[in-house]
Amino acid sequence: GLGRGVAERLGGMGANVVLAARRADALEDVATRIRAAGGTAIVVPTDVAEAGQVEQLARATLERFGRIDVWINNAGVGAIGRFEDVPLEDHARIVDVNLKGVIYGSHVALRQFRQQGSGNLVNLGSVESVIPLAYHASYASTKAAILGLGRALNEELRLAQLDRVHVTTIMPWATDTEFFNQAANY
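Quick notes on the rules
- Residues numbered from 1 in each chain as written.
- Predicted model: local features only at pLDDT ≥ 70, side-chain atom pairs only at ≥ 80, totals over all residues.
- Heavy atoms only, no water.
- Helix = DSSP H or I, 4+ residues; strand = E, 2+ residues; numbered from the N terminus.
- Buried < 20%, exposed > 50% of the residue type's maximum accessible area, 1.4 Å probe, protein only.
- Pairing = 2+ DSSP bridges.
- Right-handed = clockwise from strand over helix to strand, strands pointing away.
- Axes fitted to C-alpha atoms, helices over the stretch in contact; angles between N-to-C directions.
- Parallel < 35°, antiparallel > 145°, perpendicular 65-115°, else oblique.
- Left-handed = near helix turned anticlockwise from the far one by under 90°.
- Contact = heavy atoms within 4.5 Å.
- Expected span 1.5 Å × (residues − 1).
- Bend = angle between axes of the 7 residues up to and from the residue.
- Polar contact = N/O pair within 3.5 Å; in protein donor to acceptor, adjacent residues only side chain to side chain.

## Looking at unusual backbone geometry
Working step 1: Positive phi, normally seen in glycine, also occurs at Tyr135, with a value near 75°.
Working step 2: Structurally, Tyr135 is set in the loop between strand E5 (119–124) and helix H5 (137–159).
Working step 3: Backbone geometry at Gln161 places phi at a positive 55°, although glycine is not the residue there.
Working step 4: Structurally, Gln161 can be placed in the loop between H5 and strand E6 (165–170).
Working step 5: Note on Gln161: relative accessible area 68%, which makes it exposed.

## Here's the deal with the pairing of strand E2 (residues 40–43)
Working step 1: Across four bridges, the pairing between strand E1 (residues 16–19) and E2 is parallel. Across the sheet, residue Val17 finds its bridge partner in E2, namely Ala41.
Working step 2: With respect to chirality, the unit in which E1 leads through helix H2 (residues 24–36) into the neighbouring parallel E2 is right-handed.

## Some thoughts on the packing of helix H1 (residues 2–12) against H2
How two helices pack is summed up by the angle between their axes together with the distance between the axes.
Working step 1: Remark: H1 packs on H2, axes separated minimally by 8 Å, with the N-to-C direction vectors making an angle of 25°. With respect to each other, H1 and H2 are oriented roughly parallel. Crossing of H1 over H2 shows right-handed handedness. For the pair formed by H1 and H2, the contact residues are Arg4, Ala7, Glu8 and Gly11 on the first element and Asp29, Val30, Arg33 and Ile34 on the second.

## Examining helix H4 (residues 88–116)
Working step 1: Helix length check: H4 (29 residues) gives 40 Å between terminal C-alpha atoms against 42 Å at 1.5 Å per residue, within 8%.
Working step 2: Along H4, the largest kink reaches about 35° and is centred on Lys100.
Working step 3: Just downstream of H4, Gly117 is the residue with a positive phi angle, here 90°.

## With respect to the sheet that holds strand E3 (residues 70–73)
Working step 1: With parallel pairing, the three strands of this open sheet are ordered in space as E3-E5-E6. At either margin of the open sheet sits one strand with a lone partner, and together these are E3 and E6. Adjacent strand axes in the sheet meet at a mean angle of 15°, parallel and antiparallel pairs treated alike.
Working step 2: Of the pairings in the sheet, the one linking E3 to E5 comprises four bridges and is parallel in character. Paired with Ile72 across the bridge in E5 is Val122.
Working step 3: Sheet strands in contact with H4 are E3, E5 and E6, and its direction is about 170° off that of E3.

## A short note on the side chain of Ser129
Working step 1: Tracing the backbone through its elements, the reader meets Ser129 in the loop between E5 and H5.
Working step 2: Note on Ser129: relative accessible area 9%, which makes it buried.
Working step 3: Among the polar contacts listed, one links the side chain of Ser129 to the backbone oxygen of Lys143, at a separation of 2.8 Å.
Working step 4: Beyond its immediate stretch of four places on either side in the chain, Ser129 contacts Lys143, Ala144, Leu147 and Met171.

Quick look at the structure:
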């Protein structure tokens, strides 16, 4: 999806890329493509819904590369259906991955950026951050929260006068990725 495309593009431009997702085999495939294009990539299997695993991701990155210049929070899951027909455990998983995962990643990244004095945090929202769609209630809610998080973090950085630390929220429209094949459908 989007993460794969961004990782391959960055690797092709010579960036050191750290790949994180739950499926190590998919990560290894992307890492192989990056290396074949002359880039550097490491694989750190991570469930972003687990704060400890996100902390380990940051540690592994720092151990290998010594710093973090860009952190991209891109994980996302969804369930499509009437709000009351989607089981509560699916709503909870969407919040755990889409919102808590971004909070966990943002937390470790911003701590590191403050220490370094610079860095770029990129959070993937969605057009649904501002224009929610029917049958996507939890997904749209988490994406709206990501936009709010980014705005609040930027205010904190402004007040701290950290002008070399940046937070960006990207809000793409529906894209032809695996998302719709993997989203729960009710």
